[in-house]
Amino acid sequence: LSGYPLTQDQLSRVDTLVFDGGNTIYPYIYPFWGGETEEFDITGLEDLRLLPNLRVFEIISMLWWENPDLEPLHHVPNLQVLSLGLTAKWQNLDVLESLPNLRELAVFGHDLDDTTSPKILERLKEKGVSVQVF
């Protein structure tokens, strides 16, 4: 994909991003990829700032690093739907409270900090966010 860089105009039109090794795009990029190797793994969320109109962000797989940080979501104010798939313990969950348009959150309970996460999730519910913990 490095041979086809996206312009800022194209990036600003992205409203949905799904990290899932089962997506149909991967055989077009790498026809022999079986989904078991690391070529497409995501190691950080810093570049989400390039997607100012992102509304739906789903992490199903392919996000692999210890203690993933949600701080970059601060740069995605239009985010409405967030699904945090299986990974390690999420860091800076409190950034979700600063997202003015967040309406839905789905997360696996074992990926949450036991001390602060319940309070943050409760405050999100009080703001009208639909919270699902699996």
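For the structure, see preceding data.
Analysis parameters
Residues numbered from 1 in each chain as written. Predicted model: local features only at pLDDT ≥ 70, side-chain atom pairs only at ≥ 80, totals over all residues. Heavy atoms only, no water. Helix = DSSP H or I, 4+ residues; strand = E, 2+ residues; numbered from the N terminus. Polar contact = N/O pair within 3.5 Å; in protein donor to acceptor, adjacent residues only side chain to side chain. Contact = heavy atoms within 4.5 Å. Pairing = 2+ DSSP bridges. Axes fitted to C-alpha atoms, helices over the stretch in contact; angles between N-to-C directions. Salt bridge = Lys/Arg side-chain N within 4 Å of Asp/Glu carboxyl O. Buried < 20%, exposed > 50% of the residue type's maximum accessible area, 1.4 Å probe, protein only. Arc of directions from axis to C-beta. Patch = residues over 30% accessible without salt bridge, like charges linked within 9 Å, V, L, I, M, F, W, Y side chains within 5 Å. Areas by Shrake-Rupley, 256 points an atom, 1.4 Å probe, with all protein chains shown as cover.

Q: Honestly, the side chain of serine 12 in this entry has me stumped. Any pointers?
A: Looking at the element boundaries, serine 12 is found in helix α1 (residues 8-12). Within polar-contact distance, the side chain of serine 12 engages the backbone oxygen of aspartate 9 at 2.8 Å. Dropping the residues within four chain positions of it, serine 12 is found in contact with Pro52 and Asn53.

Q: Looking at this model, I keep getting lost on the sheet that holds strand β1 (residues 16-19). Mind explaining?
A: Note: strands within a sheet are paired through backbone hydrogen bonds, in either parallel or antiparallel orientation. Judged by pairing direction, the sheet is parallel, and its five strands sit side by side in the order β1-β2-β3-β4-β5 without closing on themselves. At either end of the open sheet lies a strand with only one pairing partner, and these are β1 and β5 (130-133). Between one strand axis and the next, the sheet turns by 5° as a mean value, whatever way the strands run. Sheet topology places strand β4 (residues 104-107) next to β5; four bridges connect them, and they run parallel. Its bridge partner lying in β5, glutamate 104 is registered against serine 130. Here helix α3 (residues 117-126) sits on the sheet in contact with β4 and β5, set at roughly 145° to β5.

Q: In this structure, what is going on with the side chain of serine 117? I would like to understand it.
A: When you line up the elements, serine 117 lands in helix α3. With residues up to four places along the chain from it excluded, the contact list for serine 117 reads Leu93 and Leu112.

Q: I tried to follow the pattern of salt bridges on my own but got confused; where do I start?
A: When charged atoms on two side chains of opposite charge get close, those side chains can pair. Going through the model one piece at a time under the given rule, you end up with four salt bridges. Two residues, arginine 13 and aspartate 9, come together in a salt bridge whose shortest N-O distance is 3.1 Å. Under the relative-accessibility criterion, arginine 13 is labelled exposed at 59%. Judged by its relative accessible area of 48%, aspartate 9 falls in the partly exposed class. Two residues, arginine 49 and aspartate 47, come together in a salt bridge whose shortest N-O distance is 3.8 Å.

Q: What is the right way to look at the environment of serine 117 in this model?
A: What makes serine 117 buried here is its relative accessible area of 3%. Separated by 63 residues in sequence, serine 117 and leucine 54 place their C-alpha atoms 24 Å apart.

Q: Would you explain α3 in this entry?
A: Because each turn of an α-helix spans 3.6 residues, side chains separated by three or four positions end up pointing in the same direction. Residues of α3 that are buried: Ser117, Ile120, Leu121 and Leu124. When α3 is viewed along its axis, its buried side chains cluster within an angular range of 100° and face the same direction. Pointing more than 90 degrees away from the buried face of α3 are the exposed residues Lys119 and Glu126. Where the residues of α3 are buried, they touch β4 and β5. One or two positions beyond α3, positive phi appears at glycine 128, with a value near 95°.

Q: What's the story with a nonpolar patch on the surface in this structure? I'm lost.
A: A cluster of nonpolar side chains, namely Ile25, Tyr28, Ile29, Tyr30 and Phe32, defines an oily patch on the protein surface of about 600 Å² accessible area. Mapped onto the elements of the fold, tyrosine 28 is located in helix α2 (residues 26-29). Assessed through its relative accessible area of 70%, tyrosine 28 is described here as exposed.

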